[in-house]
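Chain by chain, the residues run as shown.
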There are 2 protein chains.
Amino acid sequence: MKTIHVELGDRAYPIVIGEHAMHDTAHLKRAIQGSTVLIVTNDMVGPLYAQQLVETLKAIGKTVHVHMLPTGEQYKNLETLNTIFDVLLQQQCDRRTTLIALGGGVVGDMAGFAAAAYMRGVPFIQVPTTLLSQVDSSVGGKTGINHPLGKNMIGAFYQPQLVLTDLNVFATLPQRELSAGMAEVIKHGAIYDAAYFEWLEANTPKLMRKDSESLVHAIVRSCEIKSEVVAQDEREGGLRAILNFGHTFGHAIEAGMGYGEWLHGEAVGAGMILAADLSQRLGMLTANEVERIRRVVQAAGLPVEPPQLGIDNMINMMKLDKKSDAGYIKFVLLDGIGRAVIRDVPEDVLRATLHVCA
Amino acid sequence: MKTIHVELGDRAYPIVIGEHAMHDTAHLKRAIQGSTVLIVTNDMVGPLYAQQLVETLKAIGKTVHVHMLPTGEQYKNLETLNTIFDVLLQQQCDRRTTLIALGGGVVGDMAGFAAAAYMRGVPFIQVPTTLLSQVDSSVGGKTGINHPLGKNMIGAFYQPQLVLTDLNVFATLPQRELSAGMAEVIKHGAIYDAAYFEWLEANTPKLMRKDSESLVHAIVRSCEIKSEVVAQDEREGGLRAILNFGHTFGHAIEAGMGYGEWLHGEAVGAGMILAADLSQRLGMLTANEVERIRRVVQAAGLPVEPPQLGIDNMINMMKLDKKSDAGYIKFVLLDGIGRAVIRDVPEDVLRATLHVCA
Ligand SMILES: NC(=O)c1ccc[n+]([C@@H]2O[C@H](COP(=O)([O-])OP(=O)(O)OC[C@H]3O[C@@H](n4cnc5c(N)ncnc54)[C@H](O)[C@@H]3O)[C@@H](O)[C@H]2O)c1
Ligand SMILES: NC(=O)c1ccc[n+]([C@@H]2O[C@H](COP(=O)([O-])OP(=O)(O)OC[C@H]3O[C@@H](n4cnc5c(N)ncnc54)[C@H](O)[C@@H]3O)[C@@H](O)[C@H]2O)c1
Ligand SMILES: [Zn+2]
Ligand SMILES: [Zn+2]
């Protein structure tokens, strides 16, 4: 078992990573105060893994309820959220009940927001089961749901007591979801740690074969990077914005294709290559560095070419994105691999980068 | 204008009280950063007061939207909450949009929770229009909505930027609502400040005639007391419990009568007299002190006799109340007027107090 300490003052908590972490009674025992637990999962992950977790929790004397949400981003809404409150109240759960999210980012975001709002806050634990949720959504305290008019528009900043990452969940994780998570992993190297990026260049094939040792290293280093960034900017005023590398383009691709066509990570993969190209045009990356980024994105099974959505269309969608302001568009760019900077970009340079979308 | 500073570290904020406070551009200007404001009110208070506030906000250059909720506690739910998100998104409100609650506690609790959750938190201002919301619900940061299985079960702790109390709203406040707010005012004196309690004994008739000077004094002193208590215990672990004086009985009365039959403040009025009687039986109040409490509750137009709900019935409902634990019931009692203590009470003494409900 590896442990990372996320330093957030009185809301500090550990991320524990290992094989069979779901069977680890010690960490769960330490993290759960009350006698009752509600596991929130979905009807795809629940049948695969809920029983293991239930048994561990029963072994430490907890009363355990399981609530399965329907599977899919389209259910990440107020109506599904309310079913969590229904169960909590039907089971007469009080303030000492711990909510455990067992699933990917969708389950984690919803269960986390339910925990933040139920009785104005009950304890919360994440057991993330996708690479993306392990390295990204379970770190940083963002929780929430979608609204028909916007993604992740309703939510809370809420930190868990514990994040428990069990490597055995990779056994069933579809390769496409693994790739999607790799986009965020590559992003962490690109924006923050050149040595980690080099390690990813060498080890992405092993990661794609779900090699345990490599996965642990990637999850640990990515969680460290994300939590370091978040600890410096918990509420998103400054530094945290660098985590949006590749995302301004990525969001435009997701929106332009219609949500759900491309996975978020796939859009970010292609988006990072556009952002690298833009960085090169502004004199901050060499052609060779851009090529290295392209190769690692490709090795992770992610698209390296954006879809042909049209230049004007892409620009309009980026202007709608919340990271932009009227008149110009702010981008997270790379000033060398491992160093992110935030810059306003002139529209003609942006158009040159986007010629591949024409 | 009178100003109270609520001391909550980086979430400190002022409560401003005065005639025509809604016309006060200075405080609103200081408290509102962005250019857009959404006023959340209801279809009873909105037609009376929204226009004034809109004009003041326009005078300081803000773009103002008004959203009217249906009036009534029965609409304090997820569905109505969602209409606030609908409007925020339809109007493309961003993170810098300020939500202003204009109304009583129902509007304040809902708008406050919407502000806490929209984009994980946007600025929030309260313009409370009932005595209860001025002295109680607008102070302390609790926001939330009801669930069919429980009151105030879903919400957030969220502090406003400013509370603006305009005395002119008393012109239209029904006498019954004024009385309901007085229950909390009397409570503040009883639990925390004997001199204030004496002042209330002398001035309750003036308050019931809506005398401005007396109202200012009561609102200021009550806000000071509540915010002092809350500042020492923001998240409700200890001291804050004394604010539940009269409430264990009160909640049982509300539940037993069916919610909405007795106003919350009416149930608390009768509840405080039961709690005083219980304190006397345990040797902590004299008969004379109990009589003083009864007289001031009566002068505030509140019931001094509980409804005949039956002793066992009352005890069962109190056991369901969240302030109790299996086996015994914890009560906030008075050890002299102005000094609250929390004690487990033997069931036979409790039954003796409850004989009036038989
Ligand atoms: N809170 C944050 O900071 C943050 C950050 C990034 C993304 N997100 C959110 O996360 C969500 C995406 O998360 P995600 O990529 O994990 O997607 P997801 O939760 O939808 O999971 C992807 C799919 O894989 C299935 N699955 C999960 N684990 C599995 C396993 N071990 N074996 C087999 N199938 C498994 C899921 O049921 C789902 O069908 C989005 O809603 C996004 O908004 C949040
Ligand atoms: N957040 C907290 O800490 C806290 C504390 C106490 C109570 N509460 C909540 O507050 C709510 C009760 O608040 P309330 O007593 O203000 O009730 P309310 O908001 O229902 O208002 C009472 C009635 O008076 C009307 N009204 C309000 N102001 C008026 C005015 N100036 N003129 C004419 N009519 C007016 C309202 O439309 C409503 O019909 C409950 O939902 C309770 O749970 C919250
Ligand atoms: Zn992402
Ligand atoms: Zn009350």
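Treat the numbers as computed from the prediction; the structure is a model and nothing was measured.

Parameters and conventions
Residues numbered from 1 in each chain as written. Chains lettered and ligands numbered in written order. Predicted model: local features only at pLDDT ≥ 70, side-chain atom pairs only at ≥ 80, totals over all residues. Heavy atoms only, no water. Contact = heavy atoms within 4.5 Å. Buried area = accessible area lost by both parts, 1.4 Å probe. Salt bridge = Lys/Arg side-chain N within 4 Å of Asp/Glu carboxyl O. Polar contact = N/O pair within 3.5 Å; in protein donor to acceptor, adjacent residues only side chain to side chain. Helix = DSSP H or I, 4+ residues; strand = E, 2+ residues; numbered from the N terminus. Nonpolar A, V, L, I, M, F, W, Y, C, P; charged D, E, K, R; others polar. Phe/Tyr/Trp six-rings, centres within 6.5 Å; stacked < 30°, edge-to-face > 60°. Buried < 20%, exposed > 50% of the residue type's maximum accessible area, 1.4 Å probe, protein only. Lys NZ or Arg CZ within 6 Å of the ring centre and 35° of its normal. UniProt positions renumbered as here; feature names shortened; annotations may be inferred. Near = heavy atom within 4 Å. Areas by Shrake-Rupley, 256 points an atom, 1.4 Å probe, with all protein chains shown as cover. Core = buried A, V, L, I, M, F, W, Y, C linked by side-chain atoms within 4.5 Å. Donors = N, O, S within 2.8 Å, 3.2 Å for Na, K, Ca; no water. Axes fitted to C-alpha atoms, helices over the stretch in contact; angles between N-to-C directions. Parallel < 35°, antiparallel > 145°, perpendicular 65-115°, else oblique. Left-handed = near helix turned anticlockwise from the far one by under 90°. Domains from an automatic or database assignment.

By a widely used convention, the size of an interface equals the accessible area lost when the partners come together. Each partner contributes residues to the interface: chain B has 26 residues there, and chain A has 26 residues. When chain B packs against chain A, the two sides together hide about 2,400 Å² of surface, and 63% of this comes from carbon and sulfur. Applying the counting rule to chain B against chain A returns 0 salt bridges. Counting across the interface, chain B meets chain A through 8 residue pairs in polar contact (both at pLDDT 80 or more). Secondary-structure elements contributing two or more residues to the side of chain B that touches chain A are α3 (78-90), α4 (105-117), β7 (142-147) and β8 (150-157) of chain B. Tallied by class, the residues present in the side of chain B that touches chain A amount to 13 nonpolar, 6 polar and 7 charged.

Moving on, we come to the packing of aromatic side chains. A full pass over the atoms with the stated rule returns 4 aromatic pairs over all chains. Measuring from ring centre to ring centre gives 6.2 Å for A:Y196 and A:W199, while their planes differ by 25°; the resulting arrangement is stacked. Pair noted here: A:Y196 and A:W199 are both in helix α7 (residues 194-208), with a separation of 3 residues, about one helical turn. Since its relative accessible area comes to 3%, A:Y196 is described here as buried. Note that A:R120 overlies the ring of B:F157, its terminal NZ or CZ placed 5.9 Å from the centroid.

What follows concerns the UniProt feature "binding site: Zn(2+)" (unreviewed entry) in chain A. All names here are of chain A. Within this numbering scheme, the UniProt entry marks E184, H247 and H264 as carrying the feature "binding site: Zn(2+)" (unreviewed entry). Of the residues just listed, which span 81 residues, no C-alpha pair is farther apart than 10.1 Å, and they cluster in one region. Assignment of secondary structure puts H247 in helix α9 (residues 247-257). Look at H247 and you get buried, because its relative accessible area is 5%. Leave out the neighbours within four places in its chain, and H247 touches E184, K187, H264 and V268. Among the residues examined, H264 registers a relative accessible area of 23% and is labelled partly exposed. Here the side chain of H264 touches E254 through a polar contact of 2.9 Å, side chain to side chain.

A separate point is the site of ligand 1. Residue and element names in this part refer to chain A. Residues in close proximity to ligand 1 total 24 residues, the closest being E73, K76, T129, T130 and T172. In this structure, a nitrogen atom belonging to ligand 1 sits 3.0 Å away from a main-chain N or O atom of V169. In this structure, T172 approaches ligand 1 through a side-chain N or O atom, which is 2.7 Å from a nitrogen atom. Taking 860 Å² as the accessible area of ligand 1 by itself, protein coverage stands at 87%.

Let's shift gears to the nonpolar core. Core analysis: the biggest nonpolar cluster contains 78 residues, and A:F249, A:M314, A:M318, A:L350 and A:L354 have the highest contact counts within it. In terms of nonpolar packing, the next biggest core, distinct from the first, is built from 77 residues, B:I4, B:V216, B:L334 and B:L354 among them.

Here the focus is the coordination of the zinc ion (ligand 4). Residues and elements named next belong to chain B. Of the protein atoms, only E184 (OE), H247 (NE2) and H264 (NE2) coordinate the zinc ion (ligand 4), at distances of 2.0 to 2.1 Å. Counting the intervening residues between successive donors of the zinc ion (ligand 4) yields the motif E-x62-H-x16-H. Here H264 lies in helix α10 (residues 264-281) and E184 lies in helix α6 (residues 175-192), a separation of 80 residues in the sequence.

This brings us to the coordination of the zinc ion (ligand 3). Residues and elements named next belong to chain A. Taken together, the protein donors to the zinc ion (ligand 3) comprise E184 (OE), H247 (NE2) and H264 (NE2), at separations of 2.0 to 2.1 Å. In primary-sequence terms, the residues that donate to the zinc ion (ligand 3) follow E-x62-H-x16-H. Of this pair, H247 sits in helix α9 while H264 is found in helix α10 (residues 264-281), placing the two residues 17 residues apart along the sequence.

Here we take up the packing of helix α6 (residues 175-192) of chain A against α7(A). The description of two packed helices rests on the angle between their axes and on the distance between the axes. Residue and element names in this part refer to chain A. Orientation of α6 relative to α7, taken along the N-to-C sense of each, is 165°, at an axis distance of 8 Å. Accordingly, the angle class assigned to the pair α6 and α7 is roughly antiparallel. As α6 packs across α7, the resulting crossing turns out to be left-handed. Contacts from Q175, L178, S179, M182, V185, I186, H188, G189, A190 and Y192 in α6 reach A194, Y196, F197, L200, T204, L207 and M208 in α7.

All names here are of chain B. Taken together, 24 residues lie around ligand 2, and E73, G105, T129, T130 and T172 are the ones closest in. At 3.0 Å, a backbone N or O of V106 approaches an oxygen atom of ligand 2. Starting from 860 Å² of accessible surface for ligand 2 in isolation, the protein chains cover 86%. For the shell around ligand 2, the elements supplying multiple residues, two or more each, are α4 and α5 (131-137). Grouping the amino acids of the shell around ligand 2 by side-chain chemistry returns 8 nonpolar, 9 polar and 7 charged.

All names here are of chain A. Domain annotation of chain A identifies domain 1 (2-171) and domain 2 (175-357). Distance from the C-alpha centre of domain 1 to the C-alpha centre of domain 2: 27 Å. Carbon and sulfur atoms supply 70% of the area that domain 1 and domain 2 bury against each other, a total of about 2,400 Å² over both sides. When the buried area of domain 1 at its contact with domain 2 is split by residue, L131, V135 and F157 rank highest and sum to 25% of it. Between the two partners, domain 1 and domain 2, sit 1 salt bridge. The residue D136 makes a salt bridge to K226 at a minimum N-O spacing of 2.7 Å. Scanning the region where domain 1 abuts domain 2 turns up 5 residue pairs in polar contact (both at pLDDT 80 or more). Elements with a minimum of two residues in the side of domain 1 that touches domain 2: β1 (2-6), β2 (13-18), α5 (131-137) and β8 (150-157).

Residues and elements named next belong to chain A. A full pass over the atoms with the stated rule returns 32 salt bridges over all chains. Among the salt bridges present, the one from E73 reaches K151, with a minimum N-O distance of 3.6 Å. A residue pair is termed long-range when its members are at least 10 positions apart, and E73 in the loop between β4 (63-69) and α3 (78-90) and K151 in strand β8 qualify at 78 residues. You can call E73 partly exposed: its relative accessible area is 33%. Classification of K151 as partly exposed rests on a relative accessible area of 30%. Where R294 meets E305, a salt bridge forms, and the shortest distance between an N and an O atom there is 3.8 Å. Pair noted here: R294 is in helix α11 (residues 287-299) and E305 is in the loop between α11 and α12 (311-320), with a separation of 11 residues, a long-range link.

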